[in-house]
Amino acid sequence: MPARYAERIIMVSMDKLVSLCKRRGFVFPSSEIYGGLNGCWDYGPLGVELKRNVKQAWWDDMLRHHDDTLASAGAPSAFSMVGLDSALLMNPTVWEASGHVGGFSDPMVDCRETRARYRGDQLVVFALVFVADDGNSEEVDEILFAAPGEAGKTADAELIGVHRKRIGTIAKRFGKSAPDHLALHDDALTDPELRSKILAPNAKEPGSLTAPRAFNLMFKTHVGAMEDHSSVAYLRPETAQGIFVNFKNVLDTARVKLPFGIGQIGKAFRNEINPRNFTFRSREFEQMEIEFFCRPEEAAQWYTFWRDRRFQWYQDLGIRAENLHLREHDKSELAHYAAGCADVEYDFPFGQSELEGIANRADFDLSQHMQTSGKDLRYFDDQATSDELRRFLPHVIEPSAGADRGTLAFLCDAYHEDEVGGETRTVMRLHPRLAPIKAAVFPLVKKEGMPEKAQEIYRSLRKHFNVAYDEKGAIGRRYRRQDEAGTPYCITVDGDTLAQGSVTVRDRDTLEQHRVGVDELQNFLRDAIEP
RNA sequence: GCGGGUGUGGUUCAAUGGUAGAACCUCAGCUUCCCAAGCUGAUGACGCGGGUUCGAUUCCCGCCACCCGCUCCA
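The following refers to the structure shown. (Residues numbered from 1 in each chain as written. Chains lettered and ligands numbered in written order. Predicted model: local features only at pLDDT ≥ 70, side-chain atom pairs only at ≥ 80, totals over all residues. Heavy atoms only, no water.)

Thoughts on the protein's contact with RNA strand B
At step 1: The local shell around RNA strand B holds 46 residues, among which Asn 274, Arg 281, Arg 477, Tyr 479 and Arg 481 are the closest.
At step 2: Sugar and phosphate atoms constitute 53% of the interface atoms of RNA strand B, taking the interface as everything within 4 Å of the protein.
At step 3: Interatomic distance of 2.5 Å between a side-chain N/O atom of Asn 38 and a phosphate oxygen of RNA strand B.
At step 4: Gln 513 is positioned with one of its side-chain polar atoms (N or O) 2.8 Å from a base oxygen of RNA strand B.
At step 5: Only helix 1 (14-24), helix 14 (475-485) and strand 27 (502-507) provide two or more residues apiece to the surface near RNA strand B.
At step 6: The class makeup of the residues in the surface near RNA strand B is 13 nonpolar, 12 polar and 21 charged. (Near = heavy atom within 4 Å. Polar contact = N/O pair within 3.5 Å; in protein donor to acceptor, adjacent residues only side chain to side chain. Helix = DSSP H or I, 4+ residues; strand = E, 2+ residues; numbered from the N terminus. Nonpolar A, V, L, I, M, F, W, Y, C, P; charged D, E, K, R; others polar.)

Description of the packing of aromatic side chains
At step 1: All told, the structure shown has 26 aromatic pairs when counted by the stated rule.
At step 2: With 5.3 Å between their ring centres and 90° between their planes, Phe 79 and Phe 292 make a pair best called edge-to-face. Within this pair, whereas Phe 79 is found in the loop between helix 2 (45-64) and strand 4 (80-83), its partner Phe 292 is found in strand 15 (residues 284-294), the two being separated by 213 residues in sequence.
At step 3: When its relative accessible area of 2% is taken as the criterion, Phe 79 is described as buried.
At step 4: Classification of Phe 292 as buried rests on a relative accessible area of 0%.
At step 5: Aromatic pair Trp 313 and Phe 410: ring centres 6.4 Å apart, planes at 75°, arrangement edge-to-face. Placement of Trp 313 in helix 9 (residues 299-316) and of Phe 410 in helix 12 (residues 403-414) is noted, with a sequence separation of 97 residues between them.
At step 6: Using a relative accessible area of 4% as the deciding quantity, one classes Trp 313 as buried.
At step 7: Here the aromatic residues Phe 79, Phe 292, Trp 302, Phe 305 and Trp 306 are joined through ring pairs into a cluster of three or more. (Phe/Tyr/Trp six-rings, centres within 6.5 Å; stacked < 30°, edge-to-face > 60°. Buried < 20%, exposed > 50% of the residue type's maximum accessible area, 1.4 Å probe, protein only.)

Description of the sheet that holds strand 21 (residues 395-402)
At step 1: Spatial ordering of the open sheet is given by 4-14-15-21-18-17-16, a layout of 7 strands whose pairing is mixed. Among the strands making up the open sheet, the edge pair consists of strand 4 and strand 16 (324-328). On average, adjacent strands in this sheet sit at an angle of 20° to one another, irrespective of strand direction.
At step 2: Bridging between strand 4 and strand 14 (residues 260-269) involves 4 bridges; their strand directions are parallel. If you follow Val 82 over to strand 14, its bridge partner there is Ile 262. (Pairing = 2+ DSSP bridges. Axes fitted to C-alpha atoms, helices over the stretch in contact; angles between N-to-C directions.)

Comments concerning the nonpolar core
At step 1: In this structure, Leu 17, Phe 292, Trp 302, Trp 306, Trp 313 and Phe 410 are the most contacted members of the largest nonpolar core, which totals 62 residues.
At step 2: Looking at which element gives the most residues to this core, the answer is helix 9, with 8 residues. (Core = buried A, V, L, I, M, F, W, Y, C linked by side-chain atoms within 4.5 Å.)

Thoughts on the layout of surface pockets
Using a probe with the size of a water molecule, rolled over the atoms, empty space left in the structure can be pinpointed.
At step 1: Taken as a whole, the largest pocket encloses approximately 1,300 Å³ of empty space.
At step 2: Around the largest pocket, the lining is made up of 43 residues, and of these His 100, Glu 238, Arg 270, Gln 287 and Glu 354 lie nearest the centre.
At step 3: Top element by residues in the lining of the largest pocket is strand 18 (residues 351-362). It accounts for 7 residues.
At step 4: The residue makeup of the lining of the largest pocket, split by class, is 17 nonpolar, 12 polar and 14 charged. (1 Å grid on protein atoms, 1.4 Å probe; cavity = no way out; pocket = protein on both sides within 12 Å on 5 of 7 lines; lining within 4 Å. Points joined across faces, edges and corners; volume = space filled by probe spheres on them.)

Comments concerning the side chain of Glu 272
At step 1: In this structure, Glu 272 sits in the loop between strand 14 and strand 15.
At step 2: We note that Glu 272 is buried and unpaired, the nearest opposite charge coming from Arg 281 at a distance of 4.1 Å.
At step 3: Once residues within four sequence positions are removed from consideration, Glu 272 is found in contact with Arg 281, Ser 282 and Arg 283. (Lys, Arg positive; Asp, Glu negative; His and termini not counted. Salt bridge = Lys/Arg side-chain N within 4 Å of Asp/Glu carboxyl O. Contact = heavy atoms within 4.5 Å.)

Quick look at the pattern of salt bridges
At step 1: Scanning the model with the defined rule gives 29 salt bridges in all.
At step 2: Here Lys 51 and Asp 404 are joined by a salt bridge, their closest N and O atoms 3.0 Å apart. Here Lys 51, found in helix 2, pairs with Asp 404, found in helix 12; they are 353 residues apart in sequence, far enough to count as distant.
At step 3: Assessed through its relative accessible area of 7%, Lys 51 is described here as buried.
At step 4: Judged by relative accessible area, Asp 404 falls into the buried class, the value being 6%.
At step 5: Asp 308 is the partner of Arg 307 in a salt bridge, and the nearest nitrogen-oxygen pair spans 3.0 Å.
At step 6: Overall, the relative accessible area of 16% leaves Arg 307 in the buried class.
At step 7: Judged by relative accessible area, Asp 308 falls into the partly exposed class, the value being 36%.
At step 8: Each of Asp 418, Arg 425, Arg 429, Asp 483, Arg 506, Arg 508 and Asp 509 takes part in one network of salt bridges that share partners.

Spelled out as structure tokens, the structure:
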């Protein structure tokens, strides 16, 4: 390594990364000339190559290169892997069966003061009512109370309990120890004037509640040109359900036996309340999901296998181990049906966050679809020793990865600044498999036949790799430009090339150069790039 | 969703109630046999919409976007 070179370890800031992504064409704000759209991003010329390489690496490593005749290291047995590309739009009943429609469409109310969030239908608003001595009721409506409960069903005593002190103070003004009864205000939350008088649970001042807002994280759309109830459809919030609903089709046609996995890469949409952190939480994003089907009694073993394998995958593609974490969920964090779940997390500049979740979902999804569709989705085992074992629902291990989150993590981990000859050099140390451009070909100077020779080399490599050609400006500048793009190798035609048939190959990370025969270039690059 | 901050060429930053400057990048030319060299020239910006004003990039209001802290994340 040249003496003028000095490594400098820095933690990349999001500002620097976002700026580089824009400057070099990795990522742009979506529809930027119109002011952008919250939570949406576009991949530029370099970004699309990088992200495609991430997806390609996943597809190759998980599916295409999988050998289903051998038990991989750490696997309980051999298994098969097949792919799928299901439609983004599906019959809306899918989302009823999966639980996505039911649980996430309630109006929510926030408290600005206590920062609590309530379901609108579970917040009861009432006014204190005092009965005067002459029997006329006298309602105190300048103070309304909100309390958790179910509309119309909560006992007066229970409501009073929540705000006993405050109610007591008001009651004193009427010379009583407690209101005679409570009047319910069903519409108080939606009326801005009344809402401003509501005292929220545990709040000190009234008027801290927001208007009820519908929260459904699924994007709704319509199938066909007519917009009516029968045409409602959803943009899928995950690709997984497309796999589950095709379980029987794959089983019947792909000649697979348990255990086997179905992989899929595709867009998904979630109407996130609060998109944040560059591309990390986007409303439109891409998932790389596997549903791995196995015998119930083997599920725990397969869960461990997939968890460890997926954790290792990121390291194999260059992410530094110290920046990766495997976090096993507590029992309390697990969904009711899940038997285990772990997150692969990365130390982003904005904090440790999830790249991928590996979950043991048992037979929840298949049984939901079996129940809702009425179709028998059980696996038939003709080798079973008894009738009870012959038909059963497989259990499912689900490694679910975010392609955009992975791409962002690779970008963050690749970003380096070091010092060359006293100047700061920005370099993206992307794994050669992921680098958008595999090599750049330069003539050292723009004369003496060097451009022609360099172009000849460029054209021959172009058939096999994504390579770039550049003859503009000083050679050092061209090297630096490629450093920011993450190009691992720069091939330079110089004065000796014509006589010797060799070029210099400059390494992005070490800055070292060595001569390689022109005939050897293709093999050299293939060795460097292949997994 | 709440609170705070920021919006000026591709990037990073100035200045200004009256013609918006720079550095780097980019492009063209000259030069150049290995790490952002030099010279000449060129392109290119006040987030959007209202208001105040003779005149607004500047002041006011609204919106949008991004960043930070909470919150949320099936």
